[in-house]
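Descriptive structure summary
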Amino acid sequence: MRVTLADGSAVDVRDDILSQGAEGEIFVSRDGRHVVKHYWNPESWREQAVQNIMTKYNVVRDQDPVHEQYWQSLFCWPDAIVRSPWFGIRMPCAPRDVRKLLDILLPKFRRMKLTATELG
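Residues numbered from 1 in each chain as written. Predicted model: local features only at pLDDT ≥ 70, side-chain atom pairs only at ≥ 80, totals over all residues. Heavy atoms only, no water.

Side note on the environment of Ala80
By secondary structure assignment, the location of Ala80 is in strand E6 (residues 80-84). The sequence separation of Ala80 and Met91 amounts to 11 residues, and the corresponding C-alpha distance is 7.0 Å. Here Ala80 is in contact with Leu5, Met54, Gly88, Ile89 and Arg90, once residues within four sequence places are set aside. (Helix = DSSP H or I, 4+ residues; strand = E, 2+ residues; numbered from the N terminus. Contact = heavy atoms within 4.5 Å.)

Focus: the pattern of salt bridges
Going through the model one piece at a time under the given rule, you end up with eight salt bridges. Arg33 is the salt-bridge partner of Asp31, the closest N and O atoms lying 3.8 Å from each other. By relative accessible area, Arg33 is classed as exposed at 55%. Between Arg83 and Glu47 there is a salt bridge whose closest N-O contact spans 2.6 Å. Note that Arg83 is positioned in strand E6 and Glu47 in helix H1 (residues 46-54), a separation of 36 residues in sequence. Note on Arg83: relative accessible area 41%, which makes it partly exposed. (Salt bridge = Lys/Arg side-chain N within 4 Å of Asp/Glu carboxyl O. Buried < 20%, exposed > 50% of the residue type's maximum accessible area, 1.4 Å probe, protein only.)

All quantities given are derived from atomic positions and should not be read as evidence of function.
Put into structure tokens, the structure is as follows:
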């Protein structure tokens, strides 16, 4: 499937859904460099919120290219709005060697004696 971004460029995504949840579904680009989220119910406020996340609150973008590369190695920040065939966002995929938060925290939690309600 092909999705069109707000700047008019296009991204080809795989037809199979990588993941889905309460807000929408996630697809992977055919080149494997990005994920694209399709929002099922794009509320009227969401586009402005995404614009703010990509600009005003963007921790990745920096005036110094060295700092920008550093932040990009830590965060997969939304970098484009999808306009067609539905509303969504695009963001870079995390490198395969990135450790997930769960990988870091899980051994610590296994050592703790938590009740079922504390585990969530």
